Amino acid sequence: MKKLTGEVYYPSEKTLDNARVKNWDELNKFATENNTEFWEKEANELEWFSKWDKVLDDSNKPFYKWFTGAKTNIAYNCLDRHLHTFRKNKVALYWEGEKGDCRVFSYFALHREVSKFANVLKSLGVNKGDRVTFYMGRVPELPIGMLACARIGAVHSVVYGGFSVESLHERLEDSHSKVLVVSDGAFQRGKIVPLKAIADEALQRAASVESVLVIKRTGEAVNMEEGRDFWYQDLVNLPIINAKCPVEEVDSEDPLFLLYTSGTTGKPKAILHTQGGYMVGTYSTFKYVFDVNDEDRYWCAADPGWVTGHSYIVYGPLLNGATSFMYEGAPNYPFPNRWWQMIEKYGITILYTAPTAIRGLMRFGDAWPNRHDLSSLRLLGSVGEPINPEAWKWYHRVIGKNNCPIMDTWWQTETGAFIIAPMPSVPLKPGSGTRPFPGIIMDIVDEEGTPVKANEEGYLVIKNPWPSMMRTIYNDPDQYIQKYWSKYPGMYLTGDSARRDEDGYYWIIGRTDDVLKVSGYRLGTAEIESALVSHHSVAEAAAIGLPHEIKGNAIHTFVILKAGVEKSEELANELKEHVAHEVGKIAKPEDVKFVDILPKTRSGKIMRRVLKARALGQDPGNLSTLEE
Ligand code: WT7
């Protein structure tokens with residue numbers, strides 16, 4: 001194996017022996033030189049009702065299309081496809097609730113549940129192309145409902161259960177959802193988050209929603225509006241709800257889901273993914289990077305409400321016929337060994353989580369994981385933000401017992417699937433996701449679009465299309481062009497800055513736009529600022545991220561009060577709670593500082609970098625655009 005620079009972890013002989021791809025360079029060479037042929041080969045491992053006319057249609061850039069003319073269905077490929085193999089009786093999903101209650105679904109059982117859910121949706125008038133919003137905790141009905149939508153060609157839009165009234169309201173409106181699926185509540189650290197009550201508030205102003213399907217989870221009393229709200233469990237058990245539901249033969253380019261994510265404006269944008277290309281991308285990346293086998297028990301600890309959950313709890317694993325585990329609660333509830341206990345109990349072989357969770361658990365010390373037998377693990381994964389080498393090494397040594405390669409996967413809601421990621425046979429460097437997935441061509445460029453030299457920082461771009469790429473921003477194709485394709489024509493702008501070392505390994509530095517990564521969650525500074533100014537005492541506000549030991553970044557805010565409003569500690573707390581109520585707990589600011597002015601450009605844009613530099617005691621750099 002070629003000698004690499006810096007601190008390198010080479011794969012063990014055992015890992016190499018078992019690896020599906022032993023020669024990464026060879027696969028990469030093939031995929032790069034024959035890109036459409038590579039993806040076509042991957043697509044041919046799945047089932048299509050009829051094949052494509054074209055693998056890639058780039059006649060209307062940047063609106064790329066994949067597998068055009070083909071008919072397929074991703075839910076059929078996730079479930080039905082396995083029913084005529086031994087996987088029919090294989091466990092598809094193990095689930096454990098925060099209270100320790102357990103549920104298990106074979107592929108056969110999951111298929112049945114999905115079909116019934118699909119028939120319930122149909123009975124509520126959901127047709128192909130209609131949007132269905134989900135707002136719930138981590139319970140099996142979430143993946144089941146998503147797959148039910150896919151099965152009938154409806155479009156799911158999952159809103160993370162940690163978001164609050166305004167976020168849910170905006171997403172219901174923007175997507176014009178016909179049905180909202182919500183749980184009565186969600187368990188969280190022994191308490192109950194009243195999801196239905198929050199939804200009721202959001203529904204007051206969401207005119208498109210005709211029916212609300214309520215999933216019973218906590219059993220707490222909720223308000224049920226007659227004619228609009230129905231208990232899922234009541235409907236699904238009606239004799240007219242058949243356990244068979246014909247699959248909709250959709251076009252490869254038919255929409256599969258919308259997923260809202262934060263950008264530079266106050267309004268989150270809906271990333272649109274389609275059935276065929278997304279299916280090929282998640283299938284192939286999951287297969288190669290996690291190198292999954294039928295013996296594996298895979299656990300992605302993310303929430304299905306984020307793209308990680310969409311691609312690597314729901315679609316990627318099921319497309320591969322894998323056995324997954326899903327857990328409802330928090331990592332350290334009731335004790336910091338909750339995760340380690342479940343790894344032991346279920347014999348988890350692959351664990352995929354985020355740096356913020358690793359740092360959070362690391363803080364409790366080695367004794368908690370050391371009390372458990374973690375020897376079933378063979379592979380670890382990381383996603384969401386750069387992993388600091390200290391956390392990487394702890395994960396590798398204490399959880400992986402120096403035996404498990406760590407797949408640090410860089411990707412985005414927009415990319416649908418892994419973009420920079422290793423495979424088990426690839427030598428690793430702590431903190432780097434190694435190189436782009438085979439066939440994906442990336443670069444790091446300067447302001448003018450010229451590639452920078454090795455180890456220099458620049459803008460991270462992607463130079464060729466890939467099947468699971470976003471197709472557009474729903475309802476806003478101009479913004480799609482503007483945000484991703486206009487800085488450098490022909491190149492996809494990721495919004496991240498990065499450097500590439502002499503071995504071609506990529507090192508992500510951070511976002512270059514006004515997006516913050518807080519505990520791996522993506523938040524726009526503008527969303528926090530608009531929540532603040534929606535409070536009656538606030539005139540102007542600015543939000544910045546400052547380094548935080550566990551969260552990666554923490555939100556710090558600066559507020560100008562309206563004339564006559566008194567500054568006080570109570571008001572600062574009220575404003576923090578206000579942001580949590582409007583956006584969600586994850587957006588609650590660390591602190592609120594009252595100021596008299598904010599640094600602005602002459603055109604009136606808040607210069608957040610000046611605030612940040614000041615807070616960190618650094619040189620604010622070029623101030624030529626700062627107003628007097
Ligand atoms: C942004 C995308 C992709 C699933 C979860 C996040 C950051 C993501 C990594 C990583 C360094 C990472 C980037 C990216 N990011 N993974 N392995 N190393 N940074 O999806 O919410 O759309 O956020 O997350 O900044 O642009 P997302």
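Within each chain, residues carry numbers counting from 1 in the order of the written sequence. Local features in this predicted model are restricted to residues whose pLDDT is 70 or higher, and side-chain atom pairs enter the listing and the counts only when it is 80 or higher, whereas totals over whole chains, interfaces and linings include all residues. Hydrogens are left out, water is left out, and the side-chain values use all remaining heavy atoms of the structure.

Focus: the overall build of the chain
Quick reminder of the rule: Only DSSP runs of H or I covering at least 4 residues are called helices, and only runs of E covering at least 2 are called strands; the numbering of each starts at the N terminus. What the globule rule says is 2.2 Å times the number of residues to the power 0.38, and the radius of gyration is computed from C-alpha atoms. Residue contacts are counted whenever heavy atoms from the two residues lie within 4.5 Å of one another. Methods summary: accessible areas were calculated by the Shrake-Rupley approach with a probe of 1.4 Å, and residue burial reflects only the protein chains presented. When charges are counted, neither His nor the chain ends are considered; positive counts come from Lys and Arg and negative counts from Asp and Glu. In this description, the location of a charge corresponds to atom NZ of lysine, CZ of arginine, CG of aspartate or CD of glutamate.
Along its length, the chain carries 19 helices and 30 strands. Relative to the 2.2 N^0.38 estimate, which gives 25 Å for 628 residues, the radius of gyration of the chain is 24 Å and therefore close to what a compact globule would have. Long-range pairs, those at least 24 residues apart, make up 71% of the contacts in the chain between residues at least 6 apart in sequence. For the chain, the exposed area adds up to about 24,500 Å²; of that, 49% sits on carbon and sulfur atoms. Positive and negative side-chain charges of the chain, numbering 74 and 82 respectively, have mean locations separated by a distance of 3 Å.

So, the packing of helix α6 (residues 141-152) against helix α11 (residues 307-319)
The geometry of a pair of packed helices is captured by two quantities: the angle between their axes and the separation between those axes. Under the convention used in this document: To get an axis, a line is fitted to the C-alpha atoms, and for a helix only the part in contact is used. The angle between two axes follows their N-to-C directions and goes from 0 to 180 degrees. Here the angle decides the label: under 35 degrees means roughly parallel, over 145 means roughly antiparallel, 65 to 115 means roughly perpendicular, and every other value means oblique. What makes a crossing left-handed is the near helix being turned counterclockwise from the far one by less than a right angle; a clockwise turn instead makes it right-handed. Residues are grouped as follows: Ala, Val, Leu, Ile, Met, Phe, Trp, Tyr, Cys and Pro are nonpolar; Asp, Glu, Lys and Arg are charged; every other residue, Gly included, is polar.
Contact geometry of α6 with α11 gives a least axis separation of 11 Å together with a crossing angle of 60°. Taken together, the axis directions place α6 and α11 in an arrangement best described as oblique. Note on packing geometry: the crossing formed by α6 with α11 is right-handed. Across the interface between the two elements, Pro143, Met146, Leu147 and Ala150 of α6 pack against His310, Val314, Tyr315 and Leu318 of α11. Considering only residue class, the contact of α6 with α11 consists of seven nonpolar, one polar and no charged.

What about the nonpolar core?
One broad rule of soluble globular proteins: the nonpolar side chains tend to lie buried together. Quick reminder of the rule: Only buried residues count toward a nonpolar core, which is a set of Ala, Val, Leu, Ile, Met, Phe, Trp, Tyr and Cys residues joined through side-chain atoms within 4.5 Å. For each residue, the accessible area found with a 1.4 Å probe, counting protein chains only, is set against the maximum for its type, and the residue is called buried under 20%, exposed over 50%, and partly exposed in between.
Residues Phe67, Phe117, Leu121, Trp299 and Tyr315 are the most contacted members of the largest nonpolar core, which totals 147 residues. If you tally residues by element for this core, the top one is α6, at eight residues. Apart from the residues lying within four places of it in its own chain, the contact partners of Tyr315 are Ile74, Cys78, Met146, Leu147, Ala150, His156, Leu256, Tyr278, Thr282 and His310. Counting 41 residues, the second-largest nonpolar core is a separate cluster that includes Tyr160, Ala202, Val209 and Ala543.

Some points on the pairing of strand β25 (residues 506-511)
The condition that has to hold: Here the rule is simple: two strands pair whenever DSSP picks up at least two bridges between them.
In this sheet, β25 lies alongside strand β24 (residues 492-500) in antiparallel orientation, the contact comprising five bridges. Counted as the bridge partner of Ser497 is Gly510 from β25. Taken together, β24 and the strand that follows it, β25, pair antiparallel across an intervening segment of five residues, in which Gly504 is found at a positive phi of about 85°.

Thoughts on helix α13 (residues 355-362)
Buried residues dominate α13, accounting for eight of its eight residues. All of the buried residues along α13 are Pro355, Thr356, Ala357, Ile358, Arg359, Gly360, Leu361 and Met362. In this structure, the buried side of α13 is in contact with α12 (338-346), β18 (350-353), β19 (379-383), α15 (389-399) and β29 (552-561).

Quick notes on the pattern of salt bridges
For clarity, the threshold we go by: Every case where a carboxyl oxygen of Asp or Glu lies within 4 Å of a side-chain nitrogen of Lys or Arg is listed as a salt bridge.
Tallying each qualifying case throughout the model produces 46 salt bridges. Across the pair Arg151 and Asp80 runs a salt bridge whose closest N-O atoms are separated by 2.9 Å. With Arg151 in helix α6 and Asp80 in helix α4 (residues 74-83), this pair connects stretches of sequence that are 71 residues apart. Between Lys90 and Asp294 there is a salt bridge, with its nearest N and O atoms 2.6 Å apart. Separated by 204 residues along the polypeptide, Lys90 in the loop between α4 and β4 (91-96) and Asp294 in the loop between α10 (275-289) and β16 (298-300) bring together distant segments of the chain. Taking the relative accessible area as the measure of exposure, Lys90 reaches 10% and is therefore buried. Take Asp294: its relative accessible area is 28%, and that puts it in the partly exposed class. Salt bridges linked by common partners bring Lys196, Asp200, Glu225, Arg228 and Asp229 together as one network.

Here we look at the sheet that holds β24
The strand order β21-β22-β24-β25 describes an open sheet built from four strands, whose pairing is antiparallel. A strand with exactly one partner marks an edge of an open sheet, and here the two such strands are β21 (442-445) and β25. The average angle at which neighbouring strand axes cross in this sheet is 45°, direction not considered.

Quick word on unusual backbone geometry
Residue Pro62 is bonded to the preceding Lys61 through a cis peptide linkage, with omega at 0°. With respect to the secondary-structure elements, Pro62 resides in the loop between β1 (54-57) and β2 (65-68). Looking along the chain, the bond that leaves Tyr333 and enters Pro334 is cis, with omega of -5°. On the secondary structure map, Pro334 appears in the loop between β17 (324-327) and α12.

What to know about the packing of aromatic side chains
Two measures describe an aromatic ring pair: the distance that separates the ring centres and the angle between the ring planes. Heads up, the rule is: Aromatic pairs are defined between Phe, Tyr and Trp rings, using the six-membered ring for Trp, whenever the two ring centres lie within 6.5 Å; interplanar angles under 30 degrees are classed as stacked, those over 60 as edge-to-face, and all others as tilted.
For the structure on display, the rule yields 46 aromatic pairs. Between Tyr288 and Phe437 the ring centres are 6.1 Å apart and the planes differ by 55°, which places this aromatic pair in the tilted class. Of this pair, Tyr288 sits in helix α10 while Phe437 sits in the loop between β20 (406-409) and β21; the two residues are 149 residues apart in sequence, bridging distant segments of the chain. Classification of Tyr288 by relative accessible area gives buried; the value is 10%.

Some words on the site of the ligand
Note the following rule: The near set for a molecule or strand comprises every residue that places at least one heavy atom within 4 Å of it. Polar contacts, as used here, are pairs of N or O atoms within 3.5 Å; protein pairs need one atom able to donate a hydrogen and one able to accept it. Residues neighboring in sequence count only if both atoms are side-chain atoms.
In the vicinity of the ligand lie 17 residues, with Asp408, Thr409, Thr413, Arg511 and Arg522 positioned nearest. Between the ligand and Glu385, the relevant distance is 3.4 Å, taken from a nitrogen atom to a main-chain nitrogen or oxygen of the residue. The contact in question runs from a nitrogen atom of the ligand to an N or O atom on the backbone of Pro386, over 3.5 Å. Considering the ligand on its own, with 550 Å² of exposed area, one finds that the protein chains cover 95% of that surface. Secondary structure elements with two or more residues in the shell around the ligand: α11, β20 and β25.

A word on the packing of helix α7 (residues 165-175) against helix α8 (residues 195-203)
The contact between α7 and α8 brings their axes to 8 Å, and the two run at 55°. As far as their axial angle goes, α8 and α7 are oblique. Both α7 and α8 take part in a crossing whose hand is right-handed. Mapping the contact onto sequence places Val165, Leu168, His169 and Leu172 in α7 and Ile198, Ala199, Glu201, Ala202 and Leu203 in α8. Grouping the amino acids of the contact of α7 with α8 by side-chain chemistry returns seven nonpolar, one polar and one charged.

By themselves, these figures tell us nothing about what the structure is for.
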